[in-house]
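# Architecture at a glance
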Amino acid sequence: SAALAVTGGDHWCNPSLLHRWEESPSPPCGFCHIPYDELNMPFPAHLTFCSSCRRQKVPDVLFTTIELPAETPVVGKGCLIQARLCRLKKKAQAEANATSISNLLPFMEYELHTQLMNKLKLKGMNALFGLRIQITVGENMLLGLASATGVYLAALPTPGGIQISGKTPSDATYEQPVSHMQKKINETIAKNKELYEINPP
């Protein structure tokens, strides 16, 4: 399998698979391929065939902590993408303080992830590399900073745009600002694609 990952330690490995993997070198898009059976995914994901090799399945977006591999097929240029967040917390000591921080952390990570996803789509890109998340604990506030390099991977599908949704009254006074905002978002995505030279075949 092109997506086979060989790691150290006492991990079981099928010798015939390893032999076949050594004979045929992994394609540059190999690390993007999903190493799971599509019917037994450990988490929900929207999968499509790899745009490079057309043989294996890939996700629609990739978030990684590794640096971008040298031979990876990339369309256009990459850029820094950051998400920032601050949340108030109650002043507390010892266990009460730890509990307060523990209750806030999952929501902060989720919001940072959502920000990164939206900013990635706004740039017209589909992958993050070198992702680093820092949480700073203050006396009455938590600060979160997520930084990564955004790129457009040729193996992954073109990212969908950002659609404004929600319940708004059917009054035309509400529809006009929403459609104007949607137009601005679409224009920004188009400008970013031009700026970062993202023109997939």
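Residues numbered from 1 in each chain as written. Predicted model: local features only at pLDDT ≥ 70, side-chain atom pairs only at ≥ 80, totals over all residues. Heavy atoms only, no water.

By the naming in an unreviewed UniProt entry, the protein is C2 domain-containing protein, taken from Engystomops pustulosus.

Moving on, we get to the overall build of the protein. Each helix and strand in the protein was counted, giving 3 helices and 6 strands. When the helices and strands of the protein are listed from N to C terminus, the series reads α-β-β-β-β-α-β-β-α. Expressed as a percentage of the 201 residues in the protein, the buried residues total 29%. Taking the intrachain contacts of the protein between residues at least 6 apart in sequence as the baseline, contacts between residues at least 24 apart amount to 70%. About 13,300 Å² of surface is accessible on the protein, with carbon and sulfur atoms providing 56% of the total. (Helix = DSSP H or I, 4+ residues; strand = E, 2+ residues; numbered from the N terminus. Buried < 20%, exposed > 50% of the residue type's maximum accessible area, 1.4 Å probe, protein only. Contact = heavy atoms within 4.5 Å. Areas by Shrake-Rupley, 256 points an atom, 1.4 Å probe, with all protein chains shown as cover.)

Here we take up the pattern of salt bridges. In the structure shown here, the tally under the stated rule is 4 salt bridges. Between Glu-111 and Arg-87 there is a salt bridge, with the nearest N and O atoms lying 2.3 Å from each other. Residue Glu-111 is found in helix α2 (residues 94-122), and its partner Arg-87 is found in strand β4 (residues 74-88); the two are separated by 24 residues along the sequence. (Salt bridge = Lys/Arg side-chain N within 4 Å of Asp/Glu carboxyl O.)

Looking at the secondary structure, you find Ser-100 in helix α2. On the accessibility criterion, Ser-100 (16% relative accessible area) is buried. Residue contacts for Ser-100: discarding those within four places in its chain leaves Lys-89 and Lys-90.

Let us look at the packing of aromatic side chains. On inspection of all chains with the given rule, the structure shows 2 aromatic pairs. Ring centres 5.8 Å apart and planes at 90° place the aromatic pair Tyr-36 and Phe-43 in the edge-to-face group. Taking the relative accessible area as the measure of exposure, Tyr-36 reaches 41% and is therefore partly exposed. The ring of Phe-49 carries Lys-57 above its face, with NZ or CZ at 4.9 Å from the centroid. (Phe/Tyr/Trp six-rings, centres within 6.5 Å; stacked < 30°, edge-to-face > 60°. Lys NZ or Arg CZ within 6 Å of the ring centre and 35° of its normal.)

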